[in-house]
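If you want the building blocks of each chain, they are given just below.
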Amino acid sequence: QVQLVESGGGLVQPGGSLRLSCAVSGSILSIYAMGWYRQAPGKQRELVAAITSGGNTNSADSAKGRFTISRDNAKNTVYLQMNSLKPEDTAVYYCNVKSTLTDYRRADSWGQGTQVTVSS
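Conventions we followed
Residues numbered from 1 in each chain as written. Predicted model: local features only at pLDDT ≥ 70, side-chain atom pairs only at ≥ 80, totals over all residues. Heavy atoms only, no water. Helix = DSSP H or I, 4+ residues; strand = E, 2+ residues; numbered from the N terminus. Buried < 20%, exposed > 50% of the residue type's maximum accessible area, 1.4 Å probe, protein only. Contact = heavy atoms within 4.5 Å. Areas by Shrake-Rupley, 256 points an atom, 1.4 Å probe, with all protein chains shown as cover. Lys, Arg positive; Asp, Glu negative; His and termini not counted. Charge placed at Lys NZ, Arg CZ, Asp CG, Glu CD. Pairing = 2+ DSSP bridges. Salt bridge = Lys/Arg side-chain N within 4 Å of Asp/Glu carboxyl O.

Q: Give a description of the overall build of the protein chain that names residues and reports values.
A: From N to C terminus, the protein chain includes zero helices and eleven strands. Reading the secondary structure of the protein chain in the N-to-C direction produces β-β-β-β-β-β-β-β-β-β-β. Seen through its principal axes, the protein chain has C-alpha atoms that stretch 50 × 25 × 25 Å. Out of the 120 residues belonging to the protein chain, those deemed buried represent 42%. Pairs at least 24 apart in sequence give 56% of the contacts found in the protein chain among residues at least 6 apart. Approximately 6300 Å² of the protein chain is accessible, and the part contributed by carbon and sulfur atoms is 47%. Seen as two clouds, the 12 positive and the 8 negative side-chain charges of the protein chain have centres 2 Å apart.

Q: Mind laying out the pairing of strand 3 (residues 18-26), listing which residues take part and the relevant values?
A: Both strand 1 (residues 2-7) and strand 3 contribute to a ladder of six bridges, which runs antiparallel. Residue pairing across strands places Gln3 opposite Ser25, the latter belonging to strand 3. Pairing of strand 3 with strand 8 (residues 77-82) involves six bridges; the strand directions are antiparallel. Opposite Cys22, over in strand 8, you have Val78 as the bridge partner.

Q: Describe the environment of Ala107, with residues and values.
A: When you line up the elements, Ala107 lands in strand 10 (residues 106-110). Considering only alpha carbons, one finds Ala107 and Leu47, 60 residues apart in sequence, at a separation of 18 Å.

Q: How would you sum up the pattern of salt bridges? Please name residues and give values.
A: For the structure on display, the rule yields six salt bridges. A salt bridge links Lys64 to Asp61; the nearest nitrogen and oxygen atoms lie 3.4 Å apart. The partner of Arg66 in a salt bridge is Asp89, with the nearest N and O atoms 2.7 Å apart. You can see Arg66 sitting in the loop between strand 6 (57-59) and strand 7 (67-72) and its partner Asp89 sitting in the loop between strand 8 and strand 9 (91-101), a full 23 residues away along the chain. There is no split in this pair, since Arg66 and Asp89 are both buried. One connected set of salt bridges, linked through shared partners, spans Arg38, Glu46, Arg66 and Asp89.

Such coordinate-based values are descriptive only and should not be taken to indicate function.
This is the structure:
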């Protein structure tokens, strides 16, 4: 009932930038939080950054000062601008959306993941 389409991953050199996008569609009444998580090989999935419908954000210490999360409510899209990328940022990045559906049920939805590789 909720579809998330991620884009923007790829291979980048250390110090480079990437912008991830996640477009949300489906039987959604409202979205109250959107976020990005990542999972590196052999590690648990971790929060990178999140943003509420009111625009409040929070981010992991590792992302502060380098990554910026934003959302376009009209397009139901969330973005993650990643600058000054480091090899340790290499991971699969997942979009997460917390929403209320048109039948008033709550949904916690995940994208399929997009690979980000930082390497020279």
